[in-house]
Amino acid sequence: MVQRFQKSLDAFIERFQDRWETQASFRATWSTLGSALALLFLCSCALLGTNVLSGFFNGPSSPTQAQVIINGNANNGSTFPLATDQAGATDIPLTSGTPVATVTFSPTATPTVTPPVPATPTPQPTGSASTTPTPSGTPAAGQPFTVTMIITPMVVGQTATITNIQTANQPQPNQQMQITLQFGNDPNCTASPTPNPVQLDANGNDAGPATIQVPACTQNNATVSAVFTIGSQQYINPNVGTATKG
């Protein structure tokens, strides 16, 4: 019996498919019928949803009653009393306690940082009365003479001052003395003061001042040597001071 039903169903499906593919009127009829069935199904669902929502949103008639919904239908004849909310207490007794002390904050002023003031270099005398320059030729009057002078600290790129130039042992009165300073071992790193030459007085001295610019080629802590020229004679002092870069 099951096989017979299955064969009948298969034959029906085969005939339906054949007519659907070959007959346009058959397709139109079944399309219209399917659309009508779908529309009827949608309307039924909408009516059922409307009844459910209508019963759900229709609340009880009193705040002390509740509504029961069974199968989407409001059972308006069954009400249940609800407990009335009691107002909460507004005053809560507080237990006695010790108040917390108030701490007053006093900000500490930020100290002002004062930049350090660079110290003013103290002039340092260079040369010595006991130092005799080494002559490169025959000294005037057949005797070597000593040259002393005071030079302020020599700093690279700054101006130094030469004062109290004196000749001793064999003074050179009324002579013009050319001065050339060499800074370090570089023979080309030299400078001469202004004025140059220096005019010596009747005692062979010159109070100055003369100024000299320390050249940029000077290395830090360079030994400064001096060449003193009077006429055609030169006298060398290998150490008249030290130049620094500050």
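Computed from a predicted structure; not experimentally measured. (Residues numbered from 1 in each chain as written. Predicted model: local features only at pLDDT ≥ 70, side-chain atom pairs only at ≥ 80, totals over all residues. Heavy atoms only, no water.)

Student: Quick one: what's the story with the overall build of the chain, residue by residue and with numbers?
Tutor: Across its full length, the chain carries 2 helices and 14 strands. Sequence separation of 24 or more characterises 52% of the internal contacts of the chain that already satisfy a separation of 6 or more. (Helix = DSSP H or I, 4+ residues; strand = E, 2+ residues; numbered from the N terminus. Contact = heavy atoms within 4.5 Å.)

Student: Summarise the pairing of strand S5 (residues 146–151); cite the residues concerned and give the values.
Tutor: Of all 6 residues that make up S5, 5 are buried, and the element is covered over most of its length. As judged from the 5 bridges shared by S5 and strand S7 (residues 159–168), these two strands associate in the antiparallel manner. The partner of Thr-146 across the bridge, within S7, is Ala-168. (Buried < 20%, exposed > 50% of the residue type's maximum accessible area, 1.4 Å probe, protein only. Pairing = 2+ DSSP bridges.)

Student: Lay out the pairing of strand S8 (residues 176–183) in plain terms, naming residues and giving numbers.
Tutor: Along a regular strand, successive side chains alternate from one face of the sheet to the other. Alternating positions in S8 separate cleanly, Met-177, Ile-179, Leu-181 and Phe-183 being buried on one face and Gln-176, Gln-178, Thr-180 and Gln-182 remaining unburied on the opposite face. For S8 and strand S10 (residues 198–199), the ladder comprises 2 bridges, and the chain directions are antiparallel. Residue pairing across strands places Met-177 opposite Val-198, the latter belonging to S10. Relative to strand S13 (residues 222–230), S8 runs antiparallel, the two sharing 7 bridges. Looking across to S13, one finds that Met-177 is bridged to Ile-230. Where S8 meets strand S9 (residues 190–191), 2 bridges bridge the pair, whose relative direction is antiparallel. Of the residues in S9, the one forming a bridge with Gln-182 is Thr-190.

Student: I'd love a proper account of the side chain of Thr-146, names of residues and values included.
Tutor: By the secondary structure assignment, Thr-146 is in strand S5. Assessed through its relative accessible area of 1%, Thr-146 is described here as buried. Here the side chain of Thr-146 touches Asn-169 through a polar contact of 2.6 Å, side chain to side chain. (Polar contact = N/O pair within 3.5 Å; in protein donor to acceptor, adjacent residues only side chain to side chain.)

Student: Outline the side chain of Gln-172, supporting the account with residue identities and numerical values.
Tutor: Topologically, Gln-172 is positioned in the loop between S7 and S8. Within polar-contact distance, the side chain of Gln-172 engages the backbone oxygen of Gln-170 at 2.8 Å.

Student: Quick one: what's the story with the environment of Ala-226, residue by residue and with numbers?
Tutor: Within the secondary structure layout, Ala-226 lies in strand S13. Counting along the chain gives 34 residues from Ala-226 to Ser-192, while the straight-line C-alpha distance between them is 9.7 Å. Filtering out sequence-adjacent residues up to four positions away, Ala-226 remains in contact with Thr-180, Leu-181, Tyr-235, Ile-236, Asn-237 and Val-240.

Student: Could you give an account of the packing of aromatic side chains, naming the residues involved and the relevant values?
Tutor: Evaluated as defined, the whole model comprises 4 aromatic pairs. Judged by centre distance (6.3 Å) and plane angle (35°), the ring pair of Phe-12 and Phe-16 falls under tilted. Placement of the pair is Phe-12 and Phe-16 together in helix H1 (residues 2–22), with a separation of 4 residues, close to one helical turn. By relative accessible area, Phe-12 is classed as partly exposed at 45%. Accessibility expressed as a relative area gives 27% for Phe-16, which makes it partly exposed. Relative to Phe-26, the ring of Phe-16 has its centre 5.1 Å away and its plane inclined at 70°; by these criteria the two rings are edge-to-face. Of this pair, Phe-16 sits in helix H1 while Phe-26 is found in helix H2 (residues 24–57), placing the two residues 10 residues apart along the sequence. Here Phe-26 falls in the buried class, since its relative accessible area comes to 10%. Pairwise contacts between aromatic rings join Phe-12, Phe-16, Phe-26 and Trp-30 into one cluster. (Phe/Tyr/Trp six-rings, centres within 6.5 Å; stacked < 30°, edge-to-face > 60°.)

Student: I'd like a description of the state of the cysteines, backed by residues and values.
Tutor: Two cysteines whose sulfur atoms are joined by a covalent bond form what is called a disulfide. The tally for this structure, following the rule as stated, stands at 1 disulfide. Paired by a disulfide, Cys-189 and Cys-217 hold their sulfur atoms 2.0 Å apart. Its torsion about the S-S bond being 100°, the disulfide of Cys-189 and Cys-217 is classed as right-handed. Placement of the pair is Cys-189 in the loop between S8 and S9 and Cys-217 in the loop between strand S12 (210–213) and S13, with a sequence separation of 28 residues. On the accessibility criterion, Cys-217 (37% relative accessible area) is partly exposed. For Cys-43, which is in no disulfide, the shortest distance to another cysteine sulfur is to Cys-45 and amounts to 9.3 Å. (Disulfide = S-S within 2.5 Å.)

Student: Give me the lowdown on unusual backbone geometry, citing residues and values where you can.
Tutor: At the junction of Thr-194 and Pro-195, the peptide bond is cis and its omega measures out at 5° in the coordinates. Tracing the chain through its elements places Pro-195 in the loop between S9 and S10. Looking along the chain, the bond that leaves Asn-196 and enters Pro-197 is cis, with omega of 10°. Along the chain, Pro-197 turns up in the loop between S9 and S10. Of note, the phi angle at Asn-164 is positive, near 55°, even though the residue is not glycine. For Asn-164, the location among the structural elements is in strand S7. Even without glycine at this site, Asn-221 takes up a positive phi of about 60°. Turning to its location among the elements, Asn-221 is positioned in the loop between S12 and S13.

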